[in-house]
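These are the residues of each chain, in order.
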Amino acid sequence: MDYDVIVIGSGPGGYVAAIRASQLGLKTAIVEKESLGGICLNWGCIPTKALLKSAQVFEYLNHSTDYGIKINGAGEVDFASVVKRSRNVADGMSKGVQFLMKKNKIDVLVGFGKLKSKGVVEVKAADGAAKTYSAKHIILATGGRSRELPNLKQDGKKVIGYRQAMVLPQQPKSMIVVGSGAIGIEFAYFYNAIGTKVTVVEYLDNIVPLEDEDVSKALNRILKKQGINIMTSSNVEAVDTSGDLCKVTVKTATGTETLEAEIVLSAVGIATNLEGIGLEENGVKTDRGKVLVDDFYRTNVEGVYAIGDIVKGQALAHVASAEGIICVEKIAGENPHPLDYNNIPGCTYCSPEIASVGYTEKAAKEAGYEIKVGKFPFSASGKASAAGAKDGFVKVIFDAKYGEFLGAHMIGYNVTEMIAEVVTARKLEATGHEIIKSVHPHPTMSEAVMEAAAEAYGECIHL
Ligand SMILES: Cc1cc2nc3c(=O)[nH]c(=O)nc-3n(C[C@H](O)[C@H](O)[C@H](O)COP(=O)(O)OP(=O)(O)OC[C@H]3O[C@@H](n4cnc5c(N)ncnc54)[C@H](O)[C@@H]3O)c2cc1C
């Protein structure tokens, strides 16, 4: 055998699995056809956050007088430089993964990886030259790409996916974003903040439909105030790109409307990269576009594993990484616990941010819990007032009987940095009263978690 482990795909699932394998003494190689770091570092989490930071800086400039700062002359967005900064940040992160591969003595095999036969991976370089490598364990981590809907075909110019949205040659005057999950909302916020006229079209009744309804409603109100046109319960039926502007036919609850915009961004989720990687030839089972795996990411074929966006579970970078670590620890004979998919935080980095973990109020009730709900608005927080960020709240949900921390839902400034407290508390099975009795630093936004917990038990001080 050439290797103990070969990982195909170097996103946050693949490269993290490779590093952990190497730490555990397994001889490891990773196959990548594009840039190290996958979608997350190159076309997802990181470059979008760089774009969003530019938008936030612009917003600060526009509101500087709120903070007593006068700026002579209006600020201006240099779109090309905003995009360039985002690309530079992504490139730097990808180089960081290159360094980590070297540091951990992981061989990087450049090309398209395919499961050739039992224990054999074929790597085809861009020039077509193919080489095979053998390994006891092969981990598939090939990730996803923008999903296309039949009535929303992407031409990459006027009707685009997330990759093009990050590197448009110029800032569009108008944009229709189809889909209001985290990706759609982040782009809607970004483009609106820098001056593009944005409409969001969402098929379901609420934007960010996976979030607690209170958060969805609050975000809807705030984004509308920021100038974004939001259409819920609306379905894109057709797009006509023949003119200068795209004409988008949208069926709403009350009839049909035609919207016009320079660019239509399709943000309706991801499709998995399962084509051509040898699944059918080797009998690896899939179901509705996902590879079927057990709690330790073993497929039905011995020695073949799958992690990340290509298996079921939340399509998030930290989930992919956690899965990679568990998969490799099991291969190495350790005794990892299966991942608790109900304790995975989800974040959206618009402004204000949203962050959540665990049961929504509706899901907790549907699961049969009798619940206690506490809510603390940032309008009552000293830090939020000082920061000029009074929008939003923290909402916590406890089981009324045993005090189990069922879920937390936050909207506000910096809340994506606050949700990890709840993840840890839930992991350690902290109760509501243990949260209330954990002294939080003052003044911080995080006090709102303690206050919200106290509110659930009628002990809130600042409301
Ligand atoms: C715009 C956007 C923003 C996002 N923001 C966030 C965020 O803020 N937080 C978050 O947690 N998640 C975010 N995500 C989701 C996150 O990027 C993914 O969940 C994560 O990247 C999945 O990791 P992965 O390892 O499964 O695969 P990927 O990151 O998709 O990586 C797969 C890699 O495999 C390579 N590959 C595929 N097939 C082959 C092959 N046959 N041979 C060799 N190489 C191959 C690909 O080139 C790619 O590099 C975002 C996604 C998008 C699109």
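Residues numbered from 1 in each chain as written. Predicted model: local features only at pLDDT ≥ 70, side-chain atom pairs only at ≥ 80, totals over all residues. Heavy atoms only, no water.

**A closer look at the sheet that holds strand β14 (residues 256-261)**
Line of reasoning, step 1. With antiparallel pairing, the 3 strands of this open sheet are ordered in space as β12-β13-β14. Each end of this open sheet is capped by a strand with a single partner; those strands are β12 (235-240) and β14. Ignoring strand direction, the axes of neighbouring strands in this sheet form an average angle of 25 degrees.
Line of reasoning, step 2. Where strand β13 (residues 246-251) meets β14, 6 bridges bridge the pair, whose relative direction is antiparallel. Among the inter-strand pairings, Lys247 is bridged to a residue of β14, identified as Glu260. (Pairing = 2+ DSSP bridges. Helix = DSSP H or I, 4+ residues; strand = E, 2+ residues; numbered from the N terminus. Axes fitted to C-alpha atoms, helices over the stretch in contact; angles between N-to-C directions.)

**Focus on the packing of helix α3 (residues 45-62) against helix α6 (residues 182-193)**
Line of reasoning, step 1. Close contact between α3 and α6 brings their axes to 9 Å; oriented N to C, the two are set at 35 degrees. The handedness of the crossing between α3 and α6 comes out as left-handed. Mapping the contact onto sequence places Thr48, Lys49, Leu51, Leu52, Ala55, Gln56, Phe58 and Glu59 in α3 and Glu186, Phe187, Tyr189, Phe190 and Ala193 in α6.
Line of reasoning, step 2. Looking at the contact of α3 with α6, its residues break down into 8 nonpolar, 2 polar and 3 charged. (Left-handed = near helix turned anticlockwise from the far one by under 90°. Contact = heavy atoms within 4.5 Å. Nonpolar A, V, L, I, M, F, W, Y, C, P; charged D, E, K, R; others polar.)

**What about the domain arrangement of the protein chain?**
Line of reasoning, step 1. Its domain assignment divides the protein chain into domain 1 (3-146 + 271-341), domain 2 (159-268) and domain 3 (352-456).
Line of reasoning, step 2. Taken together, the contacts link 21 residues of domain 1 with 16 residues of domain 2.
Line of reasoning, step 3. Counting across the interface, domain 1 meets domain 2 through 2 salt bridges.
Line of reasoning, step 4. Across the domain 1-domain 2 interface, the total number found is 3 residue pairs in polar contact (both at pLDDT 80 or more).
Line of reasoning, step 5. Top contributing element to the side of domain 1 that touches domain 2 by residue count: α3, with 9 residues.
Line of reasoning, step 6. Of the residues belonging to the side of domain 1 that touches domain 2, the class tally is 11 nonpolar, 5 polar and 5 charged. (Domains from an automatic or database assignment. Salt bridge = Lys/Arg side-chain N within 4 Å of Asp/Glu carboxyl O. Polar contact = N/O pair within 3.5 Å; in protein donor to acceptor, adjacent residues only side chain to side chain.)

**Some words on the pattern of salt bridges**
Line of reasoning, step 1. Taken as a whole and assessed by the stated rule, the structure comprises 18 salt bridges.
Line of reasoning, step 2. Ionic pairing is found between Lys33 and Glu34, a salt bridge with its closest N-O pair at 3.1 Å.
Line of reasoning, step 3. Between Lys217 and Glu213 there is a salt bridge; the shortest N-O distance is 3.1 Å. Within this pair, Lys217 and its partner Glu213 are both found in helix α7 (residues 213-225), separated by 4 residues, close to a single helical turn.
Line of reasoning, step 4. Under the relative-accessibility criterion, Lys217 is labelled partly exposed at 48%.
Line of reasoning, step 5. The exposure class of Glu213 is partly exposed, given its relative accessible area of 37%. (Buried < 20%, exposed > 50% of the residue type's maximum accessible area, 1.4 Å probe, protein only.)

**Details of the layout of surface pockets**
Line of reasoning, step 1. Space inside the second largest pocket adds up to approximately 1,000 Å³.
Line of reasoning, step 2. In terms of lining residues, the second largest pocket is bounded by 31 residues, among which Glu59, Tyr189, Ser351, Pro352 and Tyr413 are the most central.
Line of reasoning, step 3. Mapped onto the lining of the second largest pocket, the elements with two or more residues apiece are α3, α6 and α7.
Line of reasoning, step 4. The dominant element in the lining of the second largest pocket, judged by the number of residues it contributes, is α3, at 8 residues.
Line of reasoning, step 5. Each residue belonging to the lining of the second largest pocket can be placed in one class, and the counts come to 13 nonpolar, 9 polar and 9 charged. (1 Å grid on protein atoms, 1.4 Å probe; cavity = no way out; pocket = protein on both sides within 12 Å on 5 of 7 lines; lining within 4 Å. Points joined across faces, edges and corners; volume = space filled by probe spheres on them.)

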